[in-house]
Amino acid sequence: MYSSKVSVNILTSLLIKAGIEHAVVCPGSRNSPIVHNLNECDEIQCYPVTDERSAGFFAMGICQQVQQPVVLCVTSGTALLNTCPAVAEAYYQHLPLIVISADRPAMWIDQLDGQTLPQPDALGKLVKKVVNLPEPHTDDEHWYCNRLINEALQACRLREGGPVHINVPLSEPLYEYTVEQLPDERIINSIFAQGNQTALTEWANHFTTANRPMVVIGQLPKKALQGIDLQLLSKSVVILKESLSPGRIANSHFEKVLAMVGEQEELRPDKVIYVGDCLVSKRLKKFLRSTKNAEIWTANAEGAIHDTFMHLDGVIEATAAEVLGELVHAFEKLGTIESSESSSAIERKNYHEMWHHALQLASSCTLNYQPRYSSTATVKYLHEQLEDMMYDYKLQYGNSSAIRLANIYADDYVYCNRGVNGIEGSLSTAAGMSAATDDIVFCVLGDLSFFYDQNALWNQNLKGNLRVIILNNHCGGIFGKFDGLRKSAARDRMVMGYHHSEAKGICTQNDCGYLKATNMEEMQLGIVQLLTMQTNRPVVLEVFTQEDTDVEALKAYFSL
């Protein structure tokens, strides 16, 4: 029988799946559920050692011999501190020592209760990774606990290897052993492809066995995929990308597809590779999170676990270009040896054609939709006019509603501060870009973003190549789509930030050109002026709309 502690059982299951065979265990009360579980596992040999200082070096010796990760399990308080000398030595020898410390619940730290100290950072920079496990009560907390342990187990092997620290807070009772079976936990596999081309090639060949393959590309630097033929790859796999993703294929309107068909089973992939950073689309994240049977991989140069879709199978330590380039070669090779009449080829073709048809329909809807005067109409008209411009330009978008509109209408690469999705600094970032280039830099952002960052125009470095469009509906319009929020008395003034500010005075005091639009005709004329005028100072077009109209225009688009 195993411990009744959920986090301990998740940890034990993952240690076994990770192939851990040796554990050095030290006496203690708080860590007894962990020690009990380790002792119950036939797959793990336990070595009891009383002195934690000696136990750390004892575990290190095993680690040196077996060249595999070894567990060192200690109780709470100073027991963990006593492992420091061994952990330091393991760090500089690059030995994969897994230090597991039991801990008191966070609420009792620094409350003069026995054997408590802040444990998660106790080993400082001497470990490659520290995770502090939750005591799971919900599915989300279970997923979080699983993910944290996977991160630690992966980090101890990553690159040259090194020690990691898993801290396990445990509340009482500690001595219940009522669970008959360990949970079947998900282990996240790792492929360390740096300097190991064979591993990457083998993975790419495995990916070609998919009947419904999908590539998802998140935000990446503009030059990150140079030399990668996405057009060629898109003939074999479904590629979903946003305007923040580089590559010579048109912006796919997958958000519109998902809005039209919902979570249609026929569109679900069986293998997914996700490269790049943030995705804006909540619909796509929801769709893939609910696609439970797909094999999902991610890739990044750090080999970091980014479990965006909540059931990641593996991570590849390689750049997006390396992974996609290898996929191009793998599918090219497959095309020369696979019969077009094979069942896999037929299913892959049908899946590809289904997505292609859906994306074409979504693109047609987007092209033909004529929104009423709104922020949506403004962004649509801007990108229609940009198609006719014969000069070089760059696009910077603000967060929230602005970047979501860009993902509908922008075929060009879009810059956006999506790292942490803040509204501050969008205009300043665009201003900095305009100072470092002679290209025209267009910045499209909401009113709250603009007024928050208005000092970006109080800058002696600005030139006439900075052109700004403010989508001013006098509030944080993205919150207007949440019907539940309408029930709150705090909605308008405190959440949505309703205001009556205009940018004209700010532009005047900073010697910037100012244009204003309050209807469709003025907006279209203003955009044409913004795109064509010659000036040596920045120009701002402020487009005034109504929040309700903006919400309805976007709803109408997704309802088509």
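Residues numbered from 1 in each chain as written. Predicted model: local features only at pLDDT ≥ 70, side-chain atom pairs only at ≥ 80, totals over all residues. Heavy atoms only, no water.

### With respect to the environment of Gln-194
Argument step 1. Looking at where Gln-194 falls in the secondary structure, it is placed in the loop between strand 7 (189-191) and helix 7 (197-207).
Argument step 2. Note on Gln-194: relative accessible area 43%, which makes it partly exposed.
Argument step 3. With 265 residues separating them in the primary sequence, Gln-194 and Asn-459 have C-alpha atoms 44 Å apart. (Helix = DSSP H or I, 4+ residues; strand = E, 2+ residues; numbered from the N terminus. Buried < 20%, exposed > 50% of the residue type's maximum accessible area, 1.4 Å probe, protein only.)

### Looking at the packing of aromatic side chains
Ring pairs (aromatic) are described by centroid distance and by the angle formed between their planes.
Argument step 1. Tallied over the full model, the rule gives eleven aromatic pairs.
Argument step 2. Aromatic pair Tyr-391 and Tyr-393: ring centres 6.4 Å apart, planes at 80 degrees, arrangement edge-to-face.
Argument step 3. On the basis of relative accessible area, Tyr-393 is assigned to the buried category, the value being 18%.
Argument step 4. Ring plane angle 90 degrees and centroid distance 4.9 Å describe the contact between Tyr-413 and Tyr-415, whose orientation is recorded as edge-to-face.
Argument step 5. Judged by its relative accessible area of 14%, Tyr-413 is buried.
Argument step 6. Looking at Tyr-415, the relative accessible area reads 22%, which means it is partly exposed.
Argument step 7. In textbook terms, an aromatic cluster arises when at least three aromatic residues are bridged by ring pairs, as seen for Trp-203, Phe-207 and Trp-297.
Argument step 8. A cation sits over an aromatic face here: Lys-256 above Tyr-557, 5.1 Å from the ring centre. (Phe/Tyr/Trp six-rings, centres within 6.5 Å; stacked < 30°, edge-to-face > 60°. Lys NZ or Arg CZ within 6 Å of the ring centre and 35° of its normal.)

### What about the nonpolar core?
Argument step 1. Ranked by size, the top nonpolar core spans 39 residues in total, and within it Tyr-397 and Ile-469 carry the most contacts.
Argument step 2. The biggest single contributor to this core is helix 14 (residues 401-409), with six residues.
Argument step 3. Filtering out sequence-adjacent residues up to four positions away, Tyr-397 remains in contact with Val-379, Leu-382, His-383, Ala-402, Ile-403, Ala-406, Val-414, Tyr-415, Cys-416, Asn-417, Ser-426 and Val-444.
Argument step 4. Val-8, Ala-23, Ile-34 and Leu-133 belong to the second largest nonpolar core, which has 34 residues in total. (Core = buried A, V, L, I, M, F, W, Y, C linked by side-chain atoms within 4.5 Å. Contact = heavy atoms within 4.5 Å.)

### Let's talk about the pairing of strand 2 (residues 45-48)
Argument step 1. Two elements, strand 1 (residues 22-25) and strand 2, share four bridges in a ladder whose sense is parallel. Counted as the bridge partner of Val-25 is Pro-48 from strand 2.
Argument step 2. Each parallel crossover has a hand, and the one from strand 1 via helix 2 (residues 32-40) to strand 2 is right-handed. (Pairing = 2+ DSSP bridges. Right-handed = clockwise from strand over helix to strand, strands pointing away.)

### Comments concerning helix 12 (residues 343-368)
Argument step 1. In this model, helix 12 (26 residues) spans 37 Å end to end at C-alpha, consistent with the 38 Å of a helix rising 1.5 Å per residue.
Argument step 2. Every buried residue of helix 12 is listed here: Ala-345, Arg-348, Tyr-351, His-352, Trp-355, Ala-358, Leu-359, Ala-362, Cys-365 and Thr-366. (Expected span 1.5 Å × (residues − 1).)

### Section: the sheet that holds strand 12 (residues 314-317)
Whenever strands of a sheet pair, they do so through backbone hydrogen bonds, lying parallel or antiparallel.
Argument step 1. Overall, parallel pairing links the six strands, which are arranged 7-12-11-10-8-9 in an open sheet. This sheet does not close on itself; its edge strands, each paired only once, are strand 7 and strand 9 (238-241). Within this sheet the neighbouring strands show an average axis-to-axis angle of 20 degrees, counted without direction.
Argument step 2. Pairing of strand 8 (residues 213-217) with strand 9 involves four bridges; the strand directions are parallel. Opposite Val-216, over in strand 9, you have Leu-240 as the bridge partner. (Axes fitted to C-alpha atoms, helices over the stretch in contact; angles between N-to-C directions.)

### Side note on the pattern of salt bridges
Argument step 1. One pass over the full model with this rule turns up 16 salt bridges.
Argument step 2. The salt bridge partner of Asp-307 is Arg-186, with a shortest N-O separation of 2.8 Å. Within this pair, whereas Asp-307 is found in the loop between strand 11 (295-300) and strand 12, its partner Arg-186 is found in the loop between strand 6 (164-169) and strand 7, the two being separated by 121 residues in sequence. With respect to burial, Asp-307 and Arg-186 carry one shared label: buried.
Argument step 3. With its nearest N and O atoms 3.6 Å apart, the salt bridge here joins Asp-511 to Arg-537. (Salt bridge = Lys/Arg side-chain N within 4 Å of Asp/Glu carboxyl O.)

### Section: the state of the cysteines
Argument step 1. All chains considered together, the criterion is met by zero disulfides.
Argument step 2. Among the cysteines around Cys-41, which has no disulfide bond, Cys-46 carries the closest sulfur, lying 7.8 Å off.
Argument step 3. Unpaired in this structure, Cys-507 has its nearest cysteine sulfur neighbour in Cys-512, at a distance of 5.5 Å. (Disulfide = S-S within 2.5 Å.)

### Notes on the sheet that holds strand 4 (residues 97-103)
Argument step 1. Strand order in the open sheet formed by six strands is 2-1-3-4-6-5, with parallel pairing between adjacent strands. The open sheet terminates on both sides in strands that have one partner only, identified here as strand 2 and strand 5 (130-132). Sheet twist, expressed as the average angle between the axes of neighbouring strands with direction ignored, equals 20 degrees.

### Topic: unusual backbone geometry
Argument step 1. Each neighbour pair has its own omega, and for Glu-172 with Pro-173 the value is 5 degrees, a cis peptide bond.
Argument step 2. For Pro-173, the location among the structural elements is in the loop between strand 6 and strand 7.
Argument step 3. Notably, Asp-110 is not glycine yet its phi reads approximately 65 degrees, a positive angle.
Argument step 4. Relative to the elements of secondary structure, Asp-110 occurs in the loop between strand 4 and strand 5.
Argument step 5. Take Asp-110: its relative accessible area is 56%, and that puts it in the exposed class.
Argument step 6. With a phi angle near 60 degrees, Leu-112 is a residue other than glycine that sits in the positive phi range.
Argument step 7. Here Leu-112 shows up in the loop between strand 4 and strand 5.

### Re helix 2
Quick reminder: α-helices carry 3.6 residues per turn. Residues three or four places apart thus point the same way.
Argument step 1. Residues of helix 2 that are buried include every one of Ser-32, Pro-33, Ile-34, His-36, Asn-37 and Leu-38, and no others.
Argument step 2. On its buried face, helix 2 is in contact with helix 1 (6-17), strand 1, strand 2, strand 3 (70-74), strand 4 and strand 6.

### Brief notes about the side chain of Asn-9
Argument step 1. For Asn-9, the location among the structural elements is in helix 1.
Argument step 2. Not counting residues up to four positions away in its chain, the partners in contact with Asn-9 are Tyr-2, Ser-3, Asn-37, Val-179, Leu-182 and Pro-183.

### Points about the side chain of Glu-326
Argument step 1. Here Glu-326 shows up in helix 11 (residues 320-337).
Argument step 2. Although buried, Glu-326 forms no salt bridge, and the nearest oppositely charged side chain, Lys-333, lies 6.8 Å from it.
Argument step 3. Within polar-contact distance, the side chain of Glu-326 engages the side chain of Gln-197 at 2.6 Å.
Argument step 4. Leaving out residues up to four positions away in the same chain, Glu-326 has contacts with Gln-197, Leu-200, Thr-201 and Ala-204. (Lys, Arg positive; Asp, Glu negative; His and termini not counted. Polar contact = N/O pair within 3.5 Å; in protein donor to acceptor, adjacent residues only side chain to side chain.)

### Regarding a nonpolar patch on the surface
Argument step 1. A cluster of nonpolar residues, Met-1, Tyr-175 and Tyr-177, forms a patch on the protein surface that exposes about 320 Å² of accessible area.
Argument step 2. Given the relative accessible area of 52%, Tyr-175 is considered exposed. (Patch = residues over 30% accessible without salt bridge, like charges linked within 9 Å, V, L, I, M, F, W, Y side chains within 5 Å. Areas by Shrake-Rupley, 256 points an atom, 1.4 Å probe, with all protein chains shown as cover.)

### Some points on the packing of helix 1 against helix 2
Argument step 1. Between helix 1 and helix 2, the least distance of the axes is 10 Å, while the angle of their chain directions is 35 degrees. Relative to helix 2, the crossing made by helix 1 is right-handed. On helix 2, the residues touching Val-8, Asn-9, Thr-12 and Leu-15 of helix 1 are Pro-33, Ile-34, Asn-37 and Leu-38.
Argument step 2. In terms of residue class, the contact of helix 1 with helix 2 is built from five nonpolar, three polar and no charged. (Left-handed = near helix turned anticlockwise from the far one by under 90°. Nonpolar A, V, L, I, M, F, W, Y, C, P; charged D, E, K, R; others polar.)

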